[in-house]
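Listed below are the residues making up each chain.
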Amino acid sequence: MNRIKEVIKEQGFTITSLAGKLGIARESLSRMIVSPSYPTLEKISNALNVPIWQLFVSPVEVTGEGELTALIQHKGDFYKASTIEELEQIVAGIKDKAN
C-alpha cells in the first residue's frame, strides 16, 4: 500500500543509508516499512525531506480536476483510494472490522 522504498530510491538513498541517517539498524527499518506507524512515517518523511502523503501517493498521481486521492488512517492501518468506489469499499471494510 505504501511507496516508501520507491521514495527512498527517488531521494538518492538506500534502505541502509536511510537507516543510518535515522540511527537504526537496516533490518529494523525494513520491518518498519512494511507496516509503519505514524511516528515512523514522520521520521522517514523528515529524513527524506518529503511530505508524508508522498510515501503513499506519487506527485504525478495528484493531478487533474475532479480526480480523487484519499489517504485514510484507521487504528494504525493506512489505506489509499483513487475512486469513490474504492473509498466506499475501504469504509465498508472498516465498518465490518468494527462489528
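Above: the structure in question.
Residues numbered from 1 in each chain as written. Predicted model: local features only at pLDDT ≥ 70, side-chain atom pairs only at ≥ 80, totals over all residues. Heavy atoms only, no water.

1. A short note on the overall build of the protein
Scanning the protein for helices and strands turns up 5 helices and 2 strands. Of the regular secondary structure in the protein, the N- to C-terminal order runs α-α-α-α-β-β-α. Burial analysis of the protein (99 residues in total) assigns 28% to the buried set. For the protein, contacts bridging at least 24 residues in sequence account for 38% of all contacts bridging at least 6. Accessible surface computed for the protein: about 6,400 Å², of which carbon and sulfur atoms make up 53%. (Helix = DSSP H or I, 4+ residues; strand = E, 2+ residues; numbered from the N terminus. Buried < 20%, exposed > 50% of the residue type's maximum accessible area, 1.4 Å probe, protein only. Contact = heavy atoms within 4.5 Å. Areas by Shrake-Rupley, 256 points an atom, 1.4 Å probe, with all protein chains shown as cover.)

2. Observations concerning the pattern of salt bridges
Pairs can form between side chains of opposite charge whenever their charged atoms are close. One pass over the structure, following the stated rule, counts 3 salt bridges. Here E10 and R3 are joined by a salt bridge, their closest N and O atoms 2.6 Å apart. Look at E10 and you get partly exposed, because its relative accessible area is 45%. Looking at R3, the relative accessible area reads 7%, which means it is buried. Two residues, R26 and E27, come together in a salt bridge whose shortest N-O distance is 3.6 Å. The exposure class of E27 is partly exposed, given its relative accessible area of 43%. (Salt bridge = Lys/Arg side-chain N within 4 Å of Asp/Glu carboxyl O.)

3. What about the packing of helix 2 (residues 15–22) against helix 4 (residues 38–48)?
At a minimum axis distance of 10 Å, the contact between helix 2 and helix 4 shows a crossing angle of 105°. Viewed along their axes, helix 2 and helix 4 adopt a mutual orientation that is roughly perpendicular. Contacts between helix 2 and helix 4 pair L18, K21 and L22 from the former with K43, I44, A47 and L48 from the latter. Considering only residue class, the contact of helix 2 with helix 4 consists of 5 nonpolar, no polar and 2 charged. (Axes fitted to C-alpha atoms, helices over the stretch in contact; angles between N-to-C directions. Parallel < 35°, antiparallel > 145°, perpendicular 65-115°, else oblique. Nonpolar A, V, L, I, M, F, W, Y, C, P; charged D, E, K, R; others polar.)

4. Some words on the environment of Q54
Note on placement: Q54 falls in the loop between helix 4 and strand 1 (70–74). Each C-alpha atom, one on Q54 and one on N2, is 9.0 Å from the other, the two residues being 52 residues apart in sequence.

5. Observations concerning the pairing of strand 2 (residues 77–81)
Every other side chain in a regular strand lies on the same face of the sheet, so the side chains alternate between the two faces. As paired elements, strand 1 and strand 2 share 5 bridges and run antiparallel to each other. Bridging from a neighbouring strand, I72 pairs with Y79 of strand 2. Counted between consecutive antiparallel strands, the loop separating strand 1 from strand 2 contains 2 residues, among which K75 sits at a positive phi close to 50°. (Pairing = 2+ DSSP bridges.)

6. Description of the packing of aromatic side chains
With the rule as written, the count across this model stands at 1 aromatic pair. Geometrically, the ring pair formed by F56 and F78 is stacked, given 5.2 Å between the ring centres and 25° between the ring planes. With F56 in the loop between helix 4 and strand 1 and F78 in strand 2, the pair connects residues that are 22 residues apart, well separated along the chain. Assigned by exposure class, F56 and F78 land together as buried. (Phe/Tyr/Trp six-rings, centres within 6.5 Å; stacked < 30°, edge-to-face > 60°.)

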